[in-house]
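Single-letter residue listing:
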Amino acid sequence: AEQILKRMTDYISGLKQFSLDTDNMLDDVLVSGQKIQYDFTSSVVIQRPDRLRAERTGDLHQQLFVYNGKTLTMFDPKHMYYATEPAPDNIDDLLHFARESLDLVPPIGDVVFTNAFELLMAPVTSGGVVGKSIVGGVKCDHLAFTTPLVDWQIWIADGDQPLPYKYVLTTKDDPAHPQYIVLMSNWNVAPEIDDALFEFTPPADAKKTDFLRIDTATTPE
């Protein structure tokens with residue numbers, strides 16, 4: 001299982017640019033214990049080392065993330081607000097910054113890191129190969145791993161392009177065991193990319209606001 005996962009992460013980290021679409025399902029646990037599932041879709045374009053664009057549309061959010069190596073912008077087309085923040089000069093540091101400082105997790109962030117294998121495996125206590133499976137018409141190796149807080153599964157194409165096609169996280173410290181499910185499709189490992197994709201020009205009626213920085217927020221006394 002580790003060898004299959006390492007092959008996938010090495011392959012993705014070696015790609016200079018790629019694009020894909022995702023279908024995502026997120027469980028929300030109500031106070032009563034009932035689980036409500038929300039859906040959203042994403043389109044992602046990556047150009048290493050310092051370009052990222054992700055559009056997310058769904059039940060809870062409509063968001064556009066644009067990163068150009070200097071700034072990260074998030075635009076909410078439903079409410080017509082946008083925020084821009086100075087950002088690190090590479091995708092790895094950007095993803096850490098977005099999560100740790102802004103509480104943002106861009107789509108498929110877990111597998112985009114150049115050291116994704118080390119990050120994914122660090123908390124793992126056990127894992128194995130479940131078997132072969134078909135996801136979206138693609139023959140995949142189905143892997144399952146356990147950590148103290150979450151169990152996770154990943155389906156990786158069995159072929160010359162070991163791309164992930166499904167990813168499932170199951171939270172263990174909540175008795176309802178909510179899940180986050182990602183289905184990945186339309187992989188393109190050599191897309192034609194216009195540099196304009198990574199620049200954001202706000203619509204005339206959009207309003208500028210600020211990110212809520214969780215790393216500098218203070219708790220009222």
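Up top is the structure these notes are about.
Residues numbered from 1 in each chain as written. Predicted model: local features only at pLDDT ≥ 70, side-chain atom pairs only at ≥ 80, totals over all residues. Heavy atoms only, no water.

S.K.: Would you mind going over the overall build of the protein chain with me for this structure?
M.R.: The number of helices and strands found in the protein chain is four helices and twelve strands. The C-alpha radius of gyration of the protein chain comes to 18 Å, within 12% of the 17 Å expected for a compact globule of 221 residues. If you line up the protein chain on its principal axes, its C-alpha atoms span 50 × 50 × 30 Å. Long-range contacts, defined here as pairs at least 24 residues apart, represent 47% of the contacts in the protein chain between residues at least 6 apart. Summed over its atoms, the accessible surface of the protein chain is roughly 11900 Å², and 50% of this surface lies on carbon and sulfur atoms. Between the centroid of the 18 positive side chains of the protein chain and the centroid of its 33 negative side chains there is a distance of 3 Å. (Helix = DSSP H or I, 4+ residues; strand = E, 2+ residues; numbered from the N terminus. Rg over C-alpha atoms; globule rule 2.2 N^0.38 Å. Contact = heavy atoms within 4.5 Å. Areas by Shrake-Rupley, 256 points an atom, 1.4 Å probe, with all protein chains shown as cover. Lys, Arg positive; Asp, Glu negative; His and termini not counted. Charge placed at Lys NZ, Arg CZ, Asp CG, Glu CD.)

S.K.: Would you take a moment to explain the packing of aromatic side chains for this structure?
M.R.: For any two aromatic rings, the description comes down to two numbers: the centre-to-centre distance and the angle of the planes. A complete count under the given rule lists six aromatic pairs for this structure. For the ring pair F75 and F200, a centre distance of 5.3 Å and an interplane angle of 45 degrees mean the geometry is tilted. With a gap of 125 residues between them, F75 in strand β5 (residues 71-76) and F200 in the loop between β11 (179-188) and β12 (207-209) connect regions that are remote in the sequence. Taken together, the aromatic side chains of F75, Y82 and F200 make up a single cluster linked through ring pairs. One residue, K6, lies across the ring of F117, its end atom 5.9 Å from the ring centre. (Phe/Tyr/Trp six-rings, centres within 6.5 Å; stacked < 30°, edge-to-face > 60°. Lys NZ or Arg CZ within 6 Å of the ring centre and 35° of its normal.)

S.K.: Got a minute to help me understand the pairing of strand β2 (residues 35-47) in this structure?
M.R.: Taken residue by residue, a regular strand's side chains alternate between the two faces of the sheet. By the bridge criterion, 13 bridges tie strand β1 (residues 17-29) to β2 in an arrangement that is antiparallel. Bridge assignment links T22 to a residue of β2, and that residue is S42. The antiparallel hairpin formed by β1 and β2 contains five residues in its connecting segment, where G33 sits at a positive phi of about 100 degrees. Relative to strand β3 (residues 51-58), β2 runs antiparallel, the two sharing eight bridges. In the strand pairing of β3, Q47 is matched with R51. What sits between the antiparallel neighbours β2 and β3 is a turn of three residues. (Pairing = 2+ DSSP bridges.)

S.K.: Just checking my understanding: could you explain the side chain of R53 for this structure?
M.R.: Within the fold, R53 resides in strand β3. Judged by its relative accessible area of 16%, R53 falls in the buried class. Separated by 2.8 Å, the side chain of R53 and the backbone oxygen of L197 make a polar contact. (Buried < 20%, exposed > 50% of the residue type's maximum accessible area, 1.4 Å probe, protein only. Polar contact = N/O pair within 3.5 Å; in protein donor to acceptor, adjacent residues only side chain to side chain.)

S.K.: In this structure, what is going on with the nonpolar core? I would like to understand it.
M.R.: For soluble globular proteins, the rule of thumb is that nonpolar side chains tend to be buried together. Ranked by internal contacts, the top residues of the largest apolar core, which has 50 residues, are L5, F18, L72, W152, I154 and W187. Sorting elements by how many residues they give to this core places helix α2 (residues 91-102) first, with six residues. Setting aside residues no more than four positions away along its own chain, L72 makes contact with V66, Y67, A83, T84, E85, A87, L94, A98, L102, L104 and F211. Among the nonpolar cores identified, the runner-up in size contains six residues, and L64, V66, F75 and A206 belong to it. (Core = buried A, V, L, I, M, F, W, Y, C linked by side-chain atoms within 4.5 Å.)

S.K.: When you look at the sheet that holds β12 in this model, what are you seeing that I'm missing?
M.R.: The strands making up a sheet associate through hydrogen bonds between their backbones, and the pairing can be parallel or antiparallel. With respect to topology, twelve strands assemble into an open sheet ordered β7-β8-β9-β10-β11-β1-β2-β3-β4-β5-β6-β12, the strand pairing being mixed. Looking at strand neighbours, the two that pair on one side only are β7 (126-135) and β12, the edges of this open sheet. Across the sheet, the mean angle from the axis of one strand to that of its neighbour is 20 degrees, orientation sign disregarded. (Axes fitted to C-alpha atoms, helices over the stretch in contact; angles between N-to-C directions.)

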